[in-house]
Amino acid sequence: MGKTRIPVGIFLFDEVEVLDFAGPFEVFSLAENSADKSKIFQVHTISERPAPVSARNGLKVQAEFRCDNHPQLEMVIVPGGYGAEKIEIHNQPVLSWIRKQADTCAITASVCTGAFLLAASGVLTDQTVTTHHLDQADLQKQYPNLQVIAGKKFVDTGRIVTSGGISAGITMSLHLVARIAGREVAAATARRMEYDWSAD
């Protein structure tokens, strides 16, 4: 019997930034144990509705599960993009789903403006966080109890991890691989992706 993989859920929605979800998907999908090459994570894509989502610039993506039928997760990743800031931030069922996942998952992570969804859902309250550099001032203004910092690719506060824009999600994901499976695994994953990464 093979080893049980760690279930990771990546939330998809209309106007999601493509690399925000595709970057972490690639990292966690590729990570494998060095001894037997077995996969460490089982990555699931999740959306609110069964229809394909239309990501930024028209990319159509069909999620594997819906918010109401996915398996139990140990990690959830909330990407950003125009849809996070302008659409999903007003979607109470989605915000409730994010809150529920944060209550039950070991790690809740955001990429780019996904941090706004974590804040709107009450997952972020007074933590140190980051987001895309163009949105840091807005996040601080809208949620003044947060400590929004610049100049970092990601901020890890334990159960909650936030990252900057777009490619920063890859750096954050490699950090999480290192945290869970060790730096050698993360470094091997980065080499396979030909991604310039150094352990933090």
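So, how was this worked out
Residues numbered from 1 in each chain as written. Predicted model: local features only at pLDDT ≥ 70, side-chain atom pairs only at ≥ 80, totals over all residues. Heavy atoms only, no water. Pairing = 2+ DSSP bridges. Helix = DSSP H or I, 4+ residues; strand = E, 2+ residues; numbered from the N terminus. Buried < 20%, exposed > 50% of the residue type's maximum accessible area, 1.4 Å probe, protein only. Salt bridge = Lys/Arg side-chain N within 4 Å of Asp/Glu carboxyl O. Core = buried A, V, L, I, M, F, W, Y, C linked by side-chain atoms within 4.5 Å. Contact = heavy atoms within 4.5 Å. Axes fitted to C-alpha atoms, helices over the stretch in contact; angles between N-to-C directions. 1 Å grid on protein atoms, 1.4 Å probe; cavity = no way out; pocket = protein on both sides within 12 Å on 5 of 7 lines; lining within 4 Å. Points joined across faces, edges and corners; volume = space filled by probe spheres on them. Nonpolar A, V, L, I, M, F, W, Y, C, P; charged D, E, K, R; others polar. Expected span 1.5 Å × (residues − 1).

Caption draft 1: Region of interest: the sheet that holds strand S11 (residues 160-163). The 7 strands lie next to each other as S5-S2-S1-S6-S7-S11-S10, forming an open sheet whose pairing is mixed. In the strand order of this sheet, the two ends are held by strand S5 (65-66) and strand S10 (154-156), each with one partner. As judged from the 2 bridges shared by strand S2 (residues 41-47) and S5, these two strands associate in the parallel manner. Paired with Ile-46 across the two strands is Phe-65, which belongs to S5.

Caption draft 2: Geometry of the pairing of S2. Counting buried residues along S2, 6 of its 7 residues qualify, which places the element largely inside the surrounding structure. Taken together, the 7 bridges between strand S1 (residues 6-12) and S2 define a ladder with parallel strand orientation. For Val-8, the partnering residue across the bridge sits in S2 and is Val-43.

Caption draft 3: Fine view of the pattern of salt bridges. Under the definition given, this model contains 7 salt bridges. For Glu-15, the salt bridge identified is with Arg-56, shortest N-O distance 2.8 Å. On the criterion of sequence distance, the pair formed by Glu-15 in the loop between S1 and helix H1 (18-30) and Arg-56 in the loop between strand S3 (53-54) and strand S4 (60-61) is long-range, its members being 41 residues apart. Where Glu-48 meets Arg-49, a salt bridge forms, and the shortest distance between an N and an O atom there is 2.9 Å. With a relative accessible area of 45%, Arg-49 lands in the partly exposed category. The network of salt bridges with common partners includes Glu-32, Lys-39 and Arg-192.

Caption draft 4: Spotlight on the nonpolar core. Within the largest apolar cluster, 61 residues are counted, with the highest numbers of intra-cluster contacts made by Phe-28 and Phe-41. The element best represented in this core is helix H6 (residues 168-181), accounting for 6 residues. Ignoring sequence-local partners within four residues, the contact set of Phe-28 consists of Val-8, Phe-41, Val-43, Met-75, Ile-77, Ser-173, Leu-176 and Val-177.

Caption draft 5: Focus on the environment of Ile-77. Looking at the element boundaries, Ile-77 is found in strand S6 (residues 75-78). The exposure class of Ile-77 is buried, given its relative accessible area of 0%. Separated by 45 residues in the primary sequence, Ile-77 and Glu-32 have C-alpha atoms spaced 19 Å apart. Each residue touching Ile-77, except ones within four places of it in the same chain, is listed here: Val-8, Gly-9, Ile-10, Phe-11, Pro-24, Phe-28, Ala-109 and Val-111.

Caption draft 6: Quick peek at the packing of H6 against helix H7 (residues 183-193). Across the interface, H6 lies against H7 with an axial gap of 6 Å and an inter-helix angle of 145 degrees. Facing H6, whose interface residues are Ile-170, Leu-174, Val-177, Ala-178 and Ala-181, H7 presents Arg-183, Val-185, Ala-186, Thr-189, Ala-190 and Met-193.

Caption draft 7: Just the layout of surface pockets, in detail. In this structure, the largest pocket spans a volume of roughly 150 Å³. Taken together, Leu-30, Glu-32, Asn-33, Ser-34, Lys-37, Glu-184, Val-185, Ala-188, Thr-189, Arg-191 and Arg-192 make up the full set of residues lining the largest pocket. Looking at which element gives the most residues to the lining of the largest pocket, the answer is H7, with 6 residues. Counted by class, the lining of the largest pocket contains 3 nonpolar, 3 polar and 5 charged residues.

Caption draft 8: Expanded view of the pairing of S6. Here S6 shows two buried faces, one formed by Met-75 and Ile-77 and the other by Val-76 and Val-78. Pairing of S1 with S6, which is carried by 3 bridges, proceeds in the parallel orientation. From the neighbouring strand, Val-8 faces S6, where its bridge partner is Met-75. As paired elements, S6 and strand S7 (residues 107-110) share 4 bridges and run parallel to each other. Looking across to S7, one finds that Ile-77 is bridged to Ala-109.

Caption draft 9: Examining H6 more closely. Taking 1.5 Å of rise per residue, 14 residues should cover 20 Å, and H6 covers 20 Å from first to last C-alpha, within 8% of that figure. In terms of burial, H6 is a largely internal element, 11 of the 14 residues being buried. Positive backbone phi, at 105 degrees, marks Gly-182, one or two positions downstream of H6.

What is shown is where atoms sit, not what they do.
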